[in-house]
Amino acid sequence: MLLDTKAMRYLIAEDWRVLTAVELCSKNHELVPTTIIERTARLRGGPSGVHKSISALAKVGLIARVKEAKYDGYRLTYGGLDYLALHTHSLKKDVYSVGTRIGVGKESDIMIVADQTGTQRVLKIHRLGRISFRTVRSNRDYLKKGATGSWMYLSRLAAMKEFAFMKALREEGFPVPEPIAHSRHTIVMSLIDAFPLRQIAEVPDPASLYADLIGVILRLAKHGLIHGDFNEFNILVNENRSKNEDGEETLVLEPVIIDFPQMVSMEHENAEMYFDRDVNCIKRFFERRFHFVTSEAGPFFKKVKKTVGKDGVKRLDASVAASGFTKKMLKDLEAAIREKADTKGENGEDEDDYEDDSDDDDDDDDEGKEEQAEDDGKAPGGLLGDDARDAEVPVDES
Ligand code: ADP
Ligand code: MG
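Keep in mind that what you see is a predicted model, and the values were worked out from it rather than measured.

*Asks:* Hey, could you run me through the site of ligand 1 in this one?
*Replies:* Close to ligand 1 lie 17 residues; Ser108, Lys124, Ile192, Phe233 and Asn234 are nearest. Lys124 is positioned with one of its side-chain polar atoms (N or O) 2.8 Å from an oxygen atom of ligand 1. Between a nitrogen atom of ligand 1 and a main-chain N or O atom of Ser190, the distance comes to 3.0 Å. Put simply, the parts of the chain that give the shell around ligand 1 at least two residues each are β4 (108–114), β5 (120–126) and β7 (186–190). Residues that form the shell around ligand 1 fall into these classes: 11 nonpolar, four polar and two charged. Both domain 1 (6–190 + 348–382) and domain 2 (195–325) contribute no fewer than three residues apiece to the shell around ligand 1.

Put into structure tokens, the structure is as follows:
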């Protein structure tokens with residue numbers, strides 16, 4: 001699903017207020033009835049102002065109208081949640097503009113963004129629990145379980161967990177991107193100007209890079225953690241050229257580790273399986289790609305387990321769990337990630353399904369608004385229009 005920020009600058013303060021209201025109400029309502037949106041948004045212009053905003057938001061696909069047996073209502077779309085998160089990043093000056101998409105996963109979009117000074121950063125948008133809207137509609141059980149809203153909940157959890165771990169790891173000096181900001185299902189981090197290991201055909205000294213990577217696995221374990229997806233896509237390799245004492249150029253490879261929503265504790269009931277999987281993933285890749293096979297056996301989970309928390313090392317599994325992440329949240333997220341792993345590549349029809357009914361809104365008395373807005377001569381580049389930038393919008397706790 002594509003993030004298109006074009007409409008962002010044409011939303012006025014009232015629209016943001018209404019969008020925020022729909023978001024807030026989504027926590028308790030599967031579909032948010034118009035009356036509840038009105039009550040929550042409390043616009044000065046009264047209900048007619050709210051209707052106007054609803055219509056504007058539905059037209060650009062940020063909320064979608066759903067007609068149900070009992071009542072009609074609106075729900076937030078992925079696009080709507082994206083806009084709310086970007087709005088927050090923008091107001092906090094963490095993101096000024098959005099550039100190209102560099103990565104598309106089934107459960108995330110990776111965008112290059114920039115701050116006001118033009119410094120590039122990375123915006124990771126989590127898209128966990130993305131399920132086909134058609135499937136939802138044809139499956140009443142799904143609706144009953146409240147799963148339609150779960151994509152939002154799960155994606156938020158993934159971002160929250162990833163941000164917390166990136167921060168904790170960074171503080172301990174691990175080679176990870178710098179976590180900059182977090183809002184809803186998104187995080188902003190520093191851009192690592194390096195290729196994933198996957199794209200590297202040759203390295204001068206595979207044994208040394210291999211040792212570094214196993215070293216990271218062991219260090220994580222000492223802090224009580226297993227990455228859980230330690231593969232060639234989640235290891236970026238910085239190639240630092242430097243001159244040695246004799247003036248010869250040497251290439252130093254420095255791995256940077258990314259992608260943390262699936263991290264697990266060394267105490268996890270399946271810890272050994274996850275640990276071995278990470279180790280074997282690296283072993284297999286090095287053998288296939290670089291024809292490198294280590295002469296050493298292991299590392300073995302049982303032995304490594306004994307190092308957890310040793311030498312006064314901080315237990316990060318415990319400290320992150322203490323940062324507001326409840327056991328239930330961990331369980332929910334874990335189940336979703338496991339489910340995602342099980343179904344990978346099976347349903348290819350989930351693209352954009354949350355938006356596909358967004359334009360059946362029958363209230364189009366403000367046609368032409370967009371064209372009018374398009375040539376109002378605002379400076380290019382920034383995400384938000386002037387109206388919205390100055391607006392006091394009640395932003396979410398995240
Ligand atoms: P996913 O959960 O979808 O696998 P990742 O966090 O692994 O998401 O990111 C997907 C891809 O995007 C990575 O393989 C990498 O190429 C790129 N990427 C992610 N974060 C960064 C970053 N901070 N700097 C540079 N590239 C990144
Ligand atoms: Mg990844």
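*Asks:* What should I look at first to understand the coordination of the magnesium ion (ligand 2) in this one?
*Replies:* Six octahedral donors at a metal ideally form angles of 90 or 180 degrees, and four tetrahedral donors ideally form angles of 109.5 degrees. At 2.1 Å from the magnesium ion (ligand 2) lie its protein donor atoms, namely Asn234 (OD1) and Asp259 (OD). Of this pair, Asn234 sits in the loop between β9 (225–226) and β10 (235–243) while Asp259 is found in the loop between β11 (249–257) and β12 (264–265), placing the two residues 25 residues apart along the sequence. Comparing Asn234 with Asp259 shows no difference in burial state: the two are buried.

*Asks:* When you look at the nonpolar core in this model, what are you seeing that I'm missing?
*Replies:* Where a protein is soluble and globular, its nonpolar side chains tend to be buried together. Core analysis: the biggest nonpolar cluster contains 49 residues, and Leu169, Leu197, Leu213, Phe275 and Phe286 have the highest contact counts within it. Two domains each donate at least three residues to this core, and these are domain 1 (6–190 + 348–382) and domain 2 (195–325). Apart from the residues lying within four places of it in its own chain, the contact partners of Leu213 are Leu197, Phe230, Ile235, Pro255, Ile257, Ile282 and Phe286. Membership of the second largest hydrophobic core comes to 38 residues, among which are Ile37, Tyr83, Met152 and Val188.

*Asks:* I tried to follow the packing of aromatic side chains on my own but got confused; where do I start?
*Replies:* Here the distance between the centres and the angle between the planes together describe a pair of aromatic rings. This structure, assessed with the given rule, holds nine aromatic pairs. Summarising the aromatic geometry, the rings of Phe286 and Phe290 are spaced 5.1 Å apart at their centres and angled 65° between planes, so their arrangement reads as edge-to-face. Separated by four residues within a single helix, Phe286 and Phe290 lie in helix α9 (residues 271–290), roughly one turn from each other. Per residue, the accessibility class of Phe286 equals that of Phe290, and both read buried. Between Phe286 and Phe292 the ring centres are 6.2 Å apart and the planes differ by 75°, which places this aromatic pair in the edge-to-face class.

*Asks:* Is there a simple way to explain the pattern of salt bridges in this structure?
*Replies:* Side-chain pairs of opposite charge can arise where the charged atoms are in close proximity. This model, assessed by the stated rule, comprises 18 salt bridges. We note a salt bridge from Lys328 to Asp332, for which the minimum N-O separation is 2.6 Å. A residue pair is termed a helical-turn pair when its members lie 3 or 4 positions apart in one helix, as Lys328 and Asp332 do in helix α12 (residues 327–343) at four residues. Under the relative-accessibility criterion, Lys328 is labelled exposed at 53%. Connected through shared salt-bridge partners, Asp82, Arg101, Asp109 and Arg127 make up one network.

*Asks:* Explain the pairing of strand β2 (residues 72–76) to me, please; I cannot follow it from the model alone.
*Replies:* Note on strand geometry: in a regular strand, side chains alternate between the two faces of the sheet. Taken across its five residues, β2 has four buried, putting it largely inside the fold. For strand β1 (residues 63–67) and β2, the ladder comprises five bridges, and the chain directions are antiparallel. The partner of Val66 across the bridge, within β2, is Gly73. If you look at the hairpin formed by β1 and β2, you'll find four residues sitting between the two strands.

The rules behind the values
Residues numbered from 1 in each chain as written. Chains lettered and ligands numbered in written order. Predicted model: local features only at pLDDT ≥ 70, side-chain atom pairs only at ≥ 80, totals over all residues. Heavy atoms only, no water. Near = heavy atom within 4 Å. Polar contact = N/O pair within 3.5 Å; in protein donor to acceptor, adjacent residues only side chain to side chain. Helix = DSSP H or I, 4+ residues; strand = E, 2+ residues; numbered from the N terminus. Nonpolar A, V, L, I, M, F, W, Y, C, P; charged D, E, K, R; others polar. Domains from an automatic or database assignment. Donors = N, O, S within 2.8 Å, 3.2 Å for Na, K, Ca; no water. Buried < 20%, exposed > 50% of the residue type's maximum accessible area, 1.4 Å probe, protein only. Core = buried A, V, L, I, M, F, W, Y, C linked by side-chain atoms within 4.5 Å. Contact = heavy atoms within 4.5 Å. Phe/Tyr/Trp six-rings, centres within 6.5 Å; stacked < 30°, edge-to-face > 60°. Salt bridge = Lys/Arg side-chain N within 4 Å of Asp/Glu carboxyl O. Pairing = 2+ DSSP bridges.

Function cannot be inferred from these measures alone, as they are strictly geometric.
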